[in-house]
Amino acid sequence: MLRRPAVLWTAALIAFLIVVGLFPAAVAPVTLATSGLAAVLAVIPGPVYLLAGVIAWLKYRPQPQAKPAT
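Now for a quick tour of the structure. It should be emphasised that the depicted structure is a prediction, and the values quoted were computed from it without experimental measurement.

## Structural notes on the overall build of the chain
Link 1 in the chain: A count of helical and extended segments in the chain gives two helices and zero strands.
Link 2 in the chain: Here the C-alpha radius of gyration of the chain, 28 Å, is well above what a compact globule of 70 residues would show, namely 11 Å.
Link 3 in the chain: When each of the 70 residues of the chain is scored for burial, the buried share is 0%.

Structure representation (structure tokens):
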């Protein structure tokens, strides 16, 4: 029954329509989350991010290695 080309093409068409129909609904929460994150990031001014980066670097900067005693 599935060896007929018409049945295979119909099954492929149905699978394609299911994927195309469900994809936008599956991607919608991801799109909303990323647009919300972009809105939150846009509210904070750029110098604040720069200051936070400098503070984090100063707090966690690599320490120089101590020279072994001779």
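Structure's up, so let's keep going.
## Overview of a nonpolar patch on the surface
Link 1 in the chain: A contiguous nonpolar surface patch, about 630 Å² in accessible area, is contributed by Leu-37, Val-40, Leu-41, Val-43, Ile-44, Val-48 and Tyr-49.
Link 2 in the chain: Looking at the nonpolar patch, the elements with two or more residues in it are helix H1 (5–43) and helix H2 (46–60).
Link 3 in the chain: For the nonpolar patch, the element with the highest residue contribution is H1, accounting for four residues.
Link 4 in the chain: Relative to the assigned elements, Val-40 resides in helix H1.

What counts, and where the lines are drawn
- Residues numbered from 1 in each chain as written.
- Predicted model: local features only at pLDDT ≥ 70, side-chain atom pairs only at ≥ 80, totals over all residues.
- Heavy atoms only, no water.
- Helix = DSSP H or I, 4+ residues; strand = E, 2+ residues; numbered from the N terminus.
- Rg over C-alpha atoms; globule rule 2.2 N^0.38 Å.
- Buried < 20%, exposed > 50% of the residue type's maximum accessible area, 1.4 Å probe, protein only.
- Patch = residues over 30% accessible without salt bridge, like charges linked within 9 Å, V, L, I, M, F, W, Y side chains within 5 Å.
- Areas by Shrake-Rupley, 256 points an atom, 1.4 Å probe, with all protein chains shown as cover.
- Salt bridge = Lys/Arg side-chain N within 4 Å of Asp/Glu carboxyl O.

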